[in-house]
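Take a look at the letters that make up each chain.
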Amino acid sequence: MMVTGKTKVCGLIGDPVEHSLSPCLQNAAFKHYGLDFIYVAFRVKQENLRDAIQGLRSLGIHGLNVTMPHKINVIQYLDDLDATAKIIGSVNTILNRNGKLIGYTTDGAGALKALRYHGVDPSGKKIVILGAGGASRSVSLTLAKEAKELVILNRTLSKAERLAEELKALYEYGTVIKADELNSQNVKREMADANILINATSIGMRPNDGSTPIDSALLRSDLVVFDLVYEPLETRLLIEAKKRRATTIDGLTMLVFQGAVSFEIWTGRTAPFKVMMKAAYKSIGFNK
Ligand code: ATR
(Lines give C-alpha, C1' and ligand atoms only; values in the text may rest on other atoms or scores of the structure.)
Protein backbone atom coordinates (compact mmCIF):
# COMPACT_ATOMS: atom_id res chain seq x y z
CA MET A 1 0.00 0.00 0.00
CA MET A 2 1.46 3.35 -1.14
CA VAL A 3 0.63 6.28 1.13
CA THR A 4 0.44 9.47 -0.93
CA GLY A 5 -0.36 13.12 -0.39
CA LYS A 6 -3.94 12.34 -1.33
CA THR A 7 -4.42 9.29 0.87
CA LYS A 8 -7.74 9.36 2.71
CA VAL A 9 -7.41 8.49 6.39
CA CYS A 10 -9.97 6.37 8.20
CA GLY A 11 -9.57 4.98 11.66
CA LEU A 12 -10.89 3.81 14.96
CA ILE A 13 -11.29 5.72 18.21
CA GLY A 14 -11.76 3.94 21.50
CA ASP A 15 -9.97 2.89 24.64
CA PRO A 16 -8.43 0.34 24.44
CA VAL A 17 -7.86 -0.18 20.70
CA GLU A 18 -4.56 -2.04 20.61
CA HIS A 19 -6.12 -5.45 19.98
CA SER A 20 -8.68 -4.30 17.43
CA LEU A 21 -8.98 -6.35 14.25
CA SER A 22 -10.47 -3.44 12.32
CA PRO A 23 -7.16 -2.03 10.94
CA CYS A 24 -6.36 -5.43 9.52
CA LEU A 25 -9.69 -6.06 7.82
CA GLN A 26 -10.25 -2.49 6.56
CA ASN A 27 -6.73 -2.17 5.09
CA ALA A 28 -7.15 -5.57 3.41
CA ALA A 29 -10.36 -4.26 1.79
CA PHE A 30 -8.73 -0.96 0.67
CA LYS A 31 -5.80 -2.89 -0.78
CA HIS A 32 -8.12 -5.30 -2.59
CA TYR A 33 -9.66 -2.44 -4.57
CA GLY A 34 -6.40 -0.46 -4.82
CA LEU A 35 -8.08 2.45 -3.02
CA ASP A 36 -5.88 5.30 -1.78
CA PHE A 37 -7.18 4.89 1.78
CA ILE A 38 -5.50 3.92 5.04
CA TYR A 39 -6.99 2.84 8.38
CA VAL A 40 -5.32 3.40 11.75
CA ALA A 41 -6.30 2.97 15.40
CA PHE A 42 -6.30 5.98 17.74
CA ARG A 43 -6.47 5.41 21.48
CA VAL A 44 -8.67 8.21 22.78
CA LYS A 45 -9.37 8.57 26.48
CA GLN A 46 -12.86 9.50 27.58
CA GLU A 47 -11.86 13.03 28.60
CA ASN A 48 -10.26 13.67 25.19
CA LEU A 49 -13.21 12.70 23.01
CA ARG A 50 -14.27 16.28 22.23
CA ASP A 51 -10.74 17.22 21.17
CA ALA A 52 -10.45 14.06 19.09
CA ILE A 53 -13.60 14.92 17.11
CA GLN A 54 -12.35 18.48 16.70
CA GLY A 55 -9.10 16.95 15.42
CA LEU A 56 -11.04 14.78 12.99
CA ARG A 57 -12.62 17.94 11.56
CA SER A 58 -9.42 19.97 11.38
CA LEU A 59 -7.29 17.14 9.96
CA GLY A 60 -9.96 16.22 7.43
CA ILE A 61 -10.01 12.58 8.48
CA HIS A 62 -12.46 10.85 6.15
CA GLY A 63 -14.16 8.39 8.47
CA LEU A 64 -13.99 6.71 11.85
CA ASN A 65 -15.20 3.68 13.67
CA VAL A 66 -16.17 4.38 17.24
CA THR A 67 -15.90 1.80 19.97
CA MET A 68 -16.07 1.60 23.78
CA PRO A 69 -16.39 3.89 25.69
CA HIS A 70 -17.42 6.54 23.14
CA LYS A 71 -20.38 5.08 21.22
CA ILE A 72 -23.00 7.17 23.03
CA ASN A 73 -21.00 10.24 24.11
CA VAL A 74 -19.74 10.95 20.61
CA ILE A 75 -23.25 11.81 19.38
CA GLN A 76 -23.19 15.31 20.91
CA TYR A 77 -20.20 16.28 18.74
CA LEU A 78 -21.67 15.17 15.41
CA ASP A 79 -23.70 17.20 12.91
CA ASP A 80 -26.24 14.58 11.94
CA LEU A 81 -27.25 10.96 12.53
CA ASP A 82 -28.73 8.44 10.17
CA ALA A 83 -32.21 7.19 11.09
CA THR A 84 -31.02 3.96 12.75
CA ALA A 85 -28.35 5.65 14.89
CA LYS A 86 -30.95 8.17 16.00
CA ILE A 87 -33.31 5.45 17.21
CA ILE A 88 -30.57 3.33 18.81
CA GLY A 89 -28.86 6.32 20.41
CA SER A 90 -25.42 4.95 19.61
CA VAL A 91 -22.84 5.44 16.84
CA ASN A 92 -20.10 3.10 15.65
CA THR A 93 -19.26 4.80 12.33
CA ILE A 94 -18.65 8.42 11.35
CA LEU A 95 -18.47 9.77 7.81
CA ASN A 96 -16.89 13.16 7.21
CA ARG A 97 -18.95 14.38 4.27
CA ASN A 98 -17.29 17.63 3.16
CA GLY A 99 -16.80 18.77 6.73
CA LYS A 100 -20.17 17.54 7.99
CA LEU A 101 -19.89 14.66 10.45
CA ILE A 102 -22.61 12.03 10.12
CA GLY A 103 -23.04 9.17 12.61
CA TYR A 104 -24.21 5.67 11.75
CA THR A 105 -24.67 2.38 13.54
CA THR A 106 -23.80 -0.64 11.42
CA ASP A 107 -24.37 -3.58 13.81
CA GLY A 108 -27.91 -4.30 12.65
CA ALA A 109 -27.12 -4.09 8.94
CA GLY A 110 -23.98 -6.15 9.59
CA ALA A 111 -25.95 -8.89 11.37
CA LEU A 112 -28.44 -9.05 8.51
CA LYS A 113 -25.65 -9.31 5.93
CA ALA A 114 -23.94 -12.01 8.03
CA LEU A 115 -27.16 -14.05 8.09
CA ARG A 116 -27.67 -13.66 4.35
CA TYR A 117 -24.03 -14.54 3.67
CA HIS A 118 -24.74 -17.88 5.39
CA GLY A 119 -27.80 -18.38 3.22
CA VAL A 120 -30.20 -17.49 6.02
CA ASP A 121 -33.15 -15.28 5.17
CA PRO A 122 -34.81 -13.99 8.35
CA SER A 123 -38.05 -13.06 6.61
CA GLY A 124 -40.99 -15.11 7.87
CA LYS A 125 -38.85 -16.56 10.68
CA LYS A 126 -39.14 -16.60 14.44
CA ILE A 127 -36.04 -15.09 16.02
CA VAL A 128 -35.14 -15.43 19.70
CA ILE A 129 -32.56 -12.87 20.79
CA LEU A 130 -30.90 -13.11 24.19
CA GLY A 131 -29.90 -9.77 25.73
CA ALA A 132 -31.23 -6.23 25.53
CA GLY A 133 -28.00 -4.18 25.69
CA GLY A 134 -26.37 -2.08 22.99
CA ALA A 135 -25.67 -4.91 20.55
CA SER A 136 -29.13 -6.40 20.94
CA ARG A 137 -30.77 -3.01 20.37
CA SER A 138 -29.08 -2.54 16.99
CA VAL A 139 -29.61 -6.10 15.82
CA SER A 140 -33.22 -6.24 17.07
CA LEU A 141 -34.08 -3.00 15.32
CA THR A 142 -32.97 -4.32 11.95
CA LEU A 143 -34.28 -7.86 12.32
CA ALA A 144 -37.68 -6.79 13.66
CA LYS A 145 -38.31 -5.38 10.19
CA GLU A 146 -37.56 -8.74 8.57
CA ALA A 147 -38.81 -11.44 10.93
CA LYS A 148 -42.27 -12.87 11.50
CA GLU A 149 -41.69 -12.91 15.25
CA LEU A 150 -38.95 -11.47 17.48
CA VAL A 151 -38.67 -12.58 21.10
CA ILE A 152 -36.28 -10.63 23.34
CA LEU A 153 -35.20 -12.45 26.49
CA ASN A 154 -33.09 -10.58 29.02
CA ARG A 155 -31.88 -11.07 32.59
CA THR A 156 -33.28 -7.63 33.46
CA LEU A 157 -36.86 -7.91 32.26
CA SER A 158 -37.52 -4.16 32.24
CA LYS A 159 -34.80 -3.61 29.59
CA ALA A 160 -36.29 -6.27 27.32
CA GLU A 161 -39.76 -4.77 27.78
CA ARG A 162 -38.53 -1.26 27.02
CA LEU A 163 -36.81 -2.42 23.83
CA ALA A 164 -39.89 -4.37 22.74
CA GLU A 165 -42.11 -1.32 23.33
CA GLU A 166 -39.77 0.89 21.29
CA LEU A 167 -39.79 -1.60 18.43
CA LYS A 168 -43.56 -2.02 18.55
CA ALA A 169 -43.99 1.74 18.28
CA LEU A 170 -41.77 1.75 15.19
CA TYR A 171 -43.30 -1.24 13.47
CA GLU A 172 -46.99 -0.96 14.17
CA TYR A 173 -47.98 -3.77 11.87
CA GLY A 174 -46.54 -7.10 10.93
CA THR A 175 -43.84 -8.51 13.18
CA VAL A 176 -44.91 -10.00 16.51
CA ILE A 177 -42.53 -8.58 19.15
CA LYS A 178 -42.38 -10.08 22.64
CA ALA A 179 -40.22 -9.58 25.73
CA ASP A 180 -39.62 -11.87 28.66
CA GLU A 181 -37.12 -12.70 31.34
CA LEU A 182 -34.09 -14.78 30.37
CA ASN A 183 -34.62 -17.97 32.37
CA SER A 184 -34.61 -21.66 31.47
CA GLN A 185 -38.39 -22.00 31.42
CA ASN A 186 -38.92 -19.09 29.02
CA VAL A 187 -35.99 -20.13 26.84
CA LYS A 188 -37.39 -23.65 26.56
CA ARG A 189 -40.86 -22.42 25.60
CA GLU A 190 -39.63 -19.90 23.01
CA MET A 191 -37.00 -22.20 21.49
CA ALA A 192 -39.57 -24.92 20.72
CA ASP A 193 -40.64 -23.24 17.45
CA ALA A 194 -37.75 -20.78 16.93
CA ASN A 195 -35.80 -20.68 13.66
CA ILE A 196 -32.94 -18.38 14.63
CA LEU A 197 -31.24 -17.93 18.02
CA ILE A 198 -29.00 -14.91 18.57
CA ASN A 199 -26.84 -14.52 21.66
CA ALA A 200 -26.38 -10.81 22.28
CA THR A 201 -25.44 -11.25 25.94
CA SER A 202 -21.87 -11.55 27.14
CA ILE A 203 -22.52 -15.10 28.41
CA GLY A 204 -19.74 -17.36 27.12
CA MET A 205 -17.24 -14.53 26.71
CA ARG A 206 -13.70 -15.05 27.97
CA PRO A 207 -12.89 -15.54 30.86
CA ASN A 208 -16.33 -17.13 31.38
CA ASP A 209 -16.04 -19.34 28.32
CA GLY A 210 -17.34 -22.36 30.24
CA SER A 211 -20.79 -20.79 30.40
CA THR A 212 -23.57 -20.91 27.82
CA PRO A 213 -26.93 -19.14 27.71
CA ILE A 214 -29.08 -22.17 26.88
CA ASP A 215 -29.33 -25.88 27.57
CA SER A 216 -27.73 -27.84 24.70
CA ALA A 217 -30.77 -30.15 24.59
CA LEU A 218 -32.72 -27.25 23.05
CA LEU A 219 -30.40 -27.03 20.04
CA ARG A 220 -31.58 -28.67 16.82
CA SER A 221 -30.25 -29.22 13.31
CA ASP A 222 -32.89 -26.97 11.76
CA LEU A 223 -31.82 -24.02 13.91
CA VAL A 224 -29.51 -21.13 13.04
CA VAL A 225 -27.36 -20.19 16.04
CA PHE A 226 -25.65 -16.80 15.82
CA ASP A 227 -23.34 -15.83 18.68
CA LEU A 228 -22.20 -12.20 18.78
CA VAL A 229 -19.43 -13.13 21.25
CA TYR A 230 -16.12 -13.46 19.39
CA GLU A 231 -13.73 -14.18 22.21
CA PRO A 232 -13.42 -17.12 22.14
CA LEU A 233 -14.30 -17.60 18.47
CA GLU A 234 -15.85 -20.97 19.21
CA THR A 235 -18.04 -20.35 22.21
CA ARG A 236 -19.52 -23.20 24.15
CA LEU A 237 -22.89 -22.31 22.60
CA LEU A 238 -21.48 -22.66 19.07
CA ILE A 239 -19.61 -25.87 19.88
CA GLU A 240 -22.80 -27.44 21.25
CA ALA A 241 -24.85 -26.11 18.31
CA LYS A 242 -22.39 -27.63 15.85
CA LYS A 243 -22.61 -30.97 17.63
CA ARG A 244 -26.36 -30.85 17.04
CA ARG A 245 -25.69 -29.94 13.38
CA ALA A 246 -27.27 -26.50 13.62
CA THR A 247 -26.12 -23.76 11.24
CA THR A 248 -23.67 -21.62 13.23
CA ILE A 249 -22.44 -18.06 12.76
CA ASP A 250 -19.68 -16.71 14.97
CA GLY A 251 -19.03 -13.26 16.41
CA LEU A 252 -16.06 -12.62 14.15
CA THR A 253 -18.39 -12.86 11.15
CA MET A 254 -20.54 -10.23 12.81
CA LEU A 255 -17.49 -8.04 13.40
CA VAL A 256 -16.43 -8.36 9.78
CA PHE A 257 -19.88 -7.56 8.40
CA GLN A 258 -20.44 -4.51 10.57
CA GLY A 259 -16.99 -3.36 9.40
CA ALA A 260 -18.01 -4.13 5.84
CA VAL A 261 -20.99 -1.79 6.19
CA SER A 262 -18.64 0.95 7.50
CA PHE A 263 -16.38 0.37 4.49
CA GLU A 264 -19.35 0.84 2.18
CA ILE A 265 -20.33 4.09 3.92
CA TRP A 266 -16.79 5.52 3.54
CA THR A 267 -16.02 4.32 0.01
CA GLY A 268 -19.38 3.88 -1.71
CA ARG A 269 -18.09 0.49 -2.93
CA THR A 270 -19.47 -2.96 -2.18
CA ALA A 271 -17.30 -4.44 0.57
CA PRO A 272 -15.12 -7.42 -0.41
CA PHE A 273 -16.55 -9.64 2.35
CA LYS A 274 -14.43 -12.67 1.61
CA VAL A 275 -11.20 -10.66 1.63
CA MET A 276 -12.16 -9.02 4.92
CA MET A 277 -13.21 -12.32 6.45
CA LYS A 278 -9.97 -13.98 5.45
CA ALA A 279 -7.90 -11.11 6.86
CA ALA A 280 -9.80 -11.21 10.16
CA TYR A 281 -9.45 -14.98 10.60
CA LYS A 282 -5.78 -14.86 9.61
CA SER A 283 -5.02 -12.14 12.13
CA ILE A 284 -6.26 -14.37 14.95
CA GLY A 285 -4.35 -17.37 13.66
CA PHE A 286 -7.12 -19.20 11.75
CA ASN A 287 -6.91 -19.97 8.07
CA LYS A 288 -10.31 -19.78 6.44
P1 ATR B 1 -23.30 -4.91 24.51
O2 ATR B 1 -22.95 -3.54 24.00
O3 ATR B 1 -22.27 -5.95 24.16
O4 ATR B 1 -24.67 -5.32 24.15
P5 ATR B 1 -24.24 -4.33 27.15
O6 ATR B 1 -25.02 -3.19 26.61
O7 ATR B 1 -23.50 -4.16 28.43
O8 ATR B 1 -23.17 -4.82 26.10
O9 ATR B 1 -25.25 -5.58 27.29
C10 ATR B 1 -24.87 -6.81 27.83
C11 ATR B 1 -26.05 -7.78 27.78
O12 ATR B 1 -25.62 -9.03 28.30
C13 ATR B 1 -27.25 -7.35 28.60
O14 ATR B 1 -28.43 -7.80 27.98
C15 ATR B 1 -27.00 -8.08 29.91
O16 ATR B 1 -28.18 -8.32 30.69
P17 ATR B 1 -28.74 -7.18 31.72
O18 ATR B 1 -29.46 -6.19 30.87
O19 ATR B 1 -29.61 -7.92 32.64
O20 ATR B 1 -27.51 -6.61 32.39
C21 ATR B 1 -26.48 -9.39 29.41
N22 ATR B 1 -25.68 -10.14 30.39
C23 ATR B 1 -24.41 -9.89 30.77
N24 ATR B 1 -23.99 -10.81 31.66
C25 ATR B 1 -25.04 -11.67 31.84
C26 ATR B 1 -25.24 -12.84 32.63
N27 ATR B 1 -24.27 -13.32 33.43
N28 ATR B 1 -26.43 -13.45 32.56
C29 ATR B 1 -27.42 -12.99 31.77
N30 ATR B 1 -27.29 -11.90 30.98
C31 ATR B 1 -26.12 -11.24 31.03
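Since we're looking at a predicted model, the values are computed, not measured.

To continue, consider the domain arrangement of the protein. Domains assigned within the protein are domain 1 (8-105 + 253-283) and domain 2 (108-249). Here domain 1 and domain 2 have C-alpha centroids that lie 25 Å from each other. Between domain 1 and domain 2, the residue contacts involve 15 residues of the former and 18 residues of the latter. Regarding the contact of domain 1 and domain 2, the summed buried area is about 1400 Å², with carbon and sulfur atoms giving 77% of it. On the surface where domain 1 and domain 2 come into contact, there are one salt bridge. Ionic pairing is found between Glu264 and Lys113, a salt bridge with its closest N-O pair at 3.3 Å. Connecting domain 1 to domain 2 are one residue pair in polar contact (both at pLDDT 80 or more). When contributions to the side of domain 1 that touches domain 2 are tallied by element, the ones reaching two or more residues are helix H3 (83-88), helix H9 (251-267) and helix H10 (273-283).

Where burial is concerned, most of strand S8 (residues 149-154) is hidden: six out of the six residues are buried. Along S8, one buried face is formed by Glu149, Val151 and Leu153 and the opposite face, lined by Leu150, Ile152 and Asn154, is buried too. Across five bridges, strand S7 (residues 126-130) lies against S8 in parallel orientation. Paired with Val128 across the two strands is Val151, which belongs to S8.

Turning our eyes to something else, we now look at the sheet that holds strand S4 (residues 80-81). Taken together, six strands build an open sheet; the order of strands is S2-S1-S3-S5-S6-S4 and the sheet is mixed. At either end of the open sheet lies a strand with only one pairing partner, and these are strand S2 (37-43) and S4. Across two bridges, S4 lies against strand S6 (residues 100-104) in parallel orientation. The residue bridging Leu81 from the neighbouring strand is Gly103, located in S6. Helix H1 (residues 22-33) contacts strand S1 (8-14), S2 and strand S3 (63-66) of the sheet and is inclined by roughly 170° relative to S2.

In this section: the site of the ligand. Around the ligand sit 13 residues in total, of which Ala135, Asn154, Arg155, Thr156 and Lys159 are the nearest. A distance of 2.5 Å separates an oxygen atom of the ligand from a polar side-chain atom of Thr156. Note that a nitrogen atom of the ligand is positioned 3.4 Å from one of the side-chain N or O atoms of Ser202. Bound to the protein, the ligand loses 63% of the 640 Å² it would expose on its own. Residues belonging to the shell around the ligand are distributed by class as follows: four nonpolar, seven polar and two charged.

Further remarks concern the pairing of S1. Counting buried positions along S1 gives five out of seven residues, so the element sits mostly inside the fold. Summarising the sheet, S1 and S2 pair through seven bridges and their orientation is parallel. Its bridge partner being in S2, Gly11 is matched across the sheet by Val40. You can see the chain leave S1, run along H1 and come back into S2, and the turn it takes is right-handed. Looking at chain direction, S1 and S3 are connected through four bridges and run parallel. Looking across to S3, one finds that Gly11 is bridged to Leu64.

Among the secondary structure elements, Thr201 is positioned in the loop between strand S10 (196-199) and strand S11 (224-227). Looking at Thr201, its side chain comes within polar contact range of the main-chain nitrogen of Ile203, at 3.1 Å.

Turning next to the environment of Ser184. Inspection of the secondary structure puts Ser184 in helix H7 (residues 184-191). Classification of Ser184 as exposed rests on a relative accessible area of 62%. In sequence terms Ser184 and Asp215 are 31 residues apart; their C-alpha atoms lie 7.8 Å from each other.

The rules behind each value
- Residues numbered from 1 in each chain as written.
- Predicted model: local features only at pLDDT ≥ 70, side-chain atom pairs only at ≥ 80, totals over all residues.
- Heavy atoms only, no water.
- Domains from an automatic or database assignment.
- Contact = heavy atoms within 4.5 Å.
- Buried area = accessible area lost by both parts, 1.4 Å probe.
- Salt bridge = Lys/Arg side-chain N within 4 Å of Asp/Glu carboxyl O.
- Polar contact = N/O pair within 3.5 Å; in protein donor to acceptor, adjacent residues only side chain to side chain.
- Helix = DSSP H or I, 4+ residues; strand = E, 2+ residues; numbered from the N terminus.
- Buried < 20%, exposed > 50% of the residue type's maximum accessible area, 1.4 Å probe, protein only.
- Pairing = 2+ DSSP bridges.
- Axes fitted to C-alpha atoms, helices over the stretch in contact; angles between N-to-C directions.
- Near = heavy atom within 4 Å.
- Areas by Shrake-Rupley, 256 points an atom, 1.4 Å probe, with all protein chains shown as cover.
- Nonpolar A, V, L, I, M, F, W, Y, C, P; charged D, E, K, R; others polar.
- Right-handed = clockwise from strand over helix to strand, strands pointing away.

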